[in-house]
Amino acid sequence: MIILVSNFKFVISNEKEKYMSNMEKSSIENSIKEVNDKMVELIPREILFSDYDKSDVEISPDGKYISFLAPYNGVSNIWVAPVNDINSAKPITKENERGITPFPRLIWSYTGEIIYTKDNKGDENWGIFSVNPLTGENKTLFSQENVQAQILKVSRSIPNEILIMANARDKSAYDIYRLNLKTKELKTVFENKENFFPLTANEDYNLILLSKFREDGGMDFFLYKDGKVIFIFGINVEDTLTAIGQSYYEFDASDNKLYFFDSTNRDTRALAEIDLIF
């Protein structure tokens, strides 16, 4: 018997129905009803593939405001609202070309500004900018021609500075700098001559963890202590996707323990701990 699918439901074809007895038709209709009742409605394509309404939600350090990315005049911009009145959200940036993306990073500073990265019409030479969520005042903190920069860390302990990465010295490697949010002064923290990536620092902006891809696609991790690079452990290529990312590594208050996501010998990712005292 020919059965068609119409609007995600099974039905008897009109051509076949003409030759069926009432008993046959009733039996088949009952069977079809059982199948249709168990079917799950398909998710509309626009829900899966259309642009987002809001994304990359962040809460200010004082807990009073919420920020997110959403279109403004069709272009992705930063919006801010009080946490108790989300419907009053207003755009605090007015980009009208490429827009602001969450990559490489968008984050609140502990001075109350939102720090974000933006390139020039898609050239991927990201500069670092800040915007005041209350006044909309926008500042360029770091931007150099043909240089990529990324935000590495903000710290409650050092609110007036952020840690950034930039490939100004060598286009193939990111060096680490402290960037003053008021004076825009740069101080070199680490010259990355061996092309480590990602790199992880603690709350005092001291570099602690270095990572580096191997030729086989795996990744090795190193402790950076007293100017020395000490091998800690390595992971195979199949586990790198769960381990890559600056936000995947954190330290305890003493910097003696490392917490990270790991899927070694597992089919899911797990939170792991490793002792950094040698």
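Everything here concerns the structure above.
For clarity, every value in this text was computed on a predicted model and none was experimentally measured.

(A) Spatial organisation of the environment of glutamate 58. Looking at the element boundaries, glutamate 58 is found in strand 3 (residues 55-59). The class for glutamate 58 is partly exposed, based on a relative accessible area of 29%. In sequence terms glutamate 58 and phenylalanine 68 are 10 residues apart; their C-alpha atoms lie 6.3 Å from each other. Contact partners of glutamate 58, with chain neighbours within four places excluded, come to Tyr65, Ile66, Ser67, Leu106 and Trp108.

(B) Structural detail: unusual backbone geometry. At the junction of phenylalanine 197 and proline 198, the peptide bond is cis and its omega measures out at -5° in the coordinates. Residue placement: proline 198 occurs in the loop between strand 14 (186-190) and strand 15 (199-201). Positive phi, close to 50°, is recorded for aspartate 56, a residue that is not glycine. Summarising the element assignment, aspartate 56 is placed in strand 3. One non-glycine residue with positive phi stands out, namely aspartate 226, at about 55°. Mapping aspartate 226 onto the fold places it in the loop between strand 17 (219-225) and strand 18 (228-235). Taking the relative accessible area as the measure of exposure, aspartate 226 reaches 72% and is therefore exposed.

(C) Structural view of the pairing of strand 16 (residues 207-213). By the criterion of burial, strand 16 is predominantly enclosed, with 5 of the 7 residues buried. Pairing between strand 15 and strand 16: 3 bridges, direction antiparallel. Bridge pairing in strand 16 places leucine 199 opposite leucine 210. As consecutive antiparallel partners, strand 15 and strand 16 are separated by 5 residues, and within that stretch tyrosine 205 has a phi angle of approximately 65°, a positive value.

(D) Focus on the sheet that holds strand 5 (residues 75-82). On the basis of which strands lie adjacent, the open sheet formed by 4 strands has the order 3-4-5-6 and antiparallel pairing. The open sheet has two free edges, formed respectively by strand 3 and strand 6 (90-91), since each of these has just one partner strand. With 8 bridges connecting them, strand 4 (residues 65-72) and strand 5 associate as antiparallel partners. Looking at strand 5, one finds that tyrosine 72 is bridged to valine 75.

(E) Representation of the sheet that holds strand 15. Spatially, 15-16-17-18 is the arrangement adopted by the 4 strands of the open sheet, whose pairing is antiparallel. The strands lining the two open edges of the sheet, one partner per strand, are strand 15 and strand 18. In this sheet, adjacent strand axes meet at a mean angle of 20° when their direction is disregarded. Relative to strand 17, strand 16 is paired through 5 bridges, and the arrangement is antiparallel. Pairing of lysine 212 across the sheet is with aspartate 220, part of strand 17.

(F) Up close: a nonpolar patch on the surface. Together, Ile43, Ile47, Leu48 and Phe49 give the surface a local cluster of nonpolar side chains, amounting to about 490 Å² of exposed area. Following the sequence through the fold, isoleucine 47 ends up in helix 3 (residues 45-49). Relative accessible area serves as the criterion here: at 59%, isoleucine 47 is assigned to the exposed category.

(G) Here's a closer look at the pattern of salt bridges. Across all of its chains, the model carries 10 salt bridges by this definition. In this structure, lysine 118 engages glutamate 95 in a salt bridge whose closest nitrogen and oxygen atoms are separated by 3.0 Å. Taken together, the residues lysine 118 in strand 8 (residues 114-118) and glutamate 95 in the loop between strand 6 and strand 7 (106-108) connect sequence positions 23 residues apart. Note that glutamate 273 is salt-bridged to lysine 257, the shortest N-O span being 3.9 Å. Here glutamate 273, found in strand 21 (residues 270-275), pairs with lysine 257, found in strand 20 (residues 257-262); they are 16 residues apart in sequence, far enough to count as distant. The class of lysine 257 is partly exposed, set by a relative accessible area of 26%.

Scoring rules and cut-offs
Residues numbered from 1 in each chain as written. Predicted model: local features only at pLDDT ≥ 70, side-chain atom pairs only at ≥ 80, totals over all residues. Heavy atoms only, no water. Helix = DSSP H or I, 4+ residues; strand = E, 2+ residues; numbered from the N terminus. Buried < 20%, exposed > 50% of the residue type's maximum accessible area, 1.4 Å probe, protein only. Contact = heavy atoms within 4.5 Å. Pairing = 2+ DSSP bridges. Axes fitted to C-alpha atoms, helices over the stretch in contact; angles between N-to-C directions. Patch = residues over 30% accessible without salt bridge, like charges linked within 9 Å, V, L, I, M, F, W, Y side chains within 5 Å. Areas by Shrake-Rupley, 256 points an atom, 1.4 Å probe, with all protein chains shown as cover. Salt bridge = Lys/Arg side-chain N within 4 Å of Asp/Glu carboxyl O.

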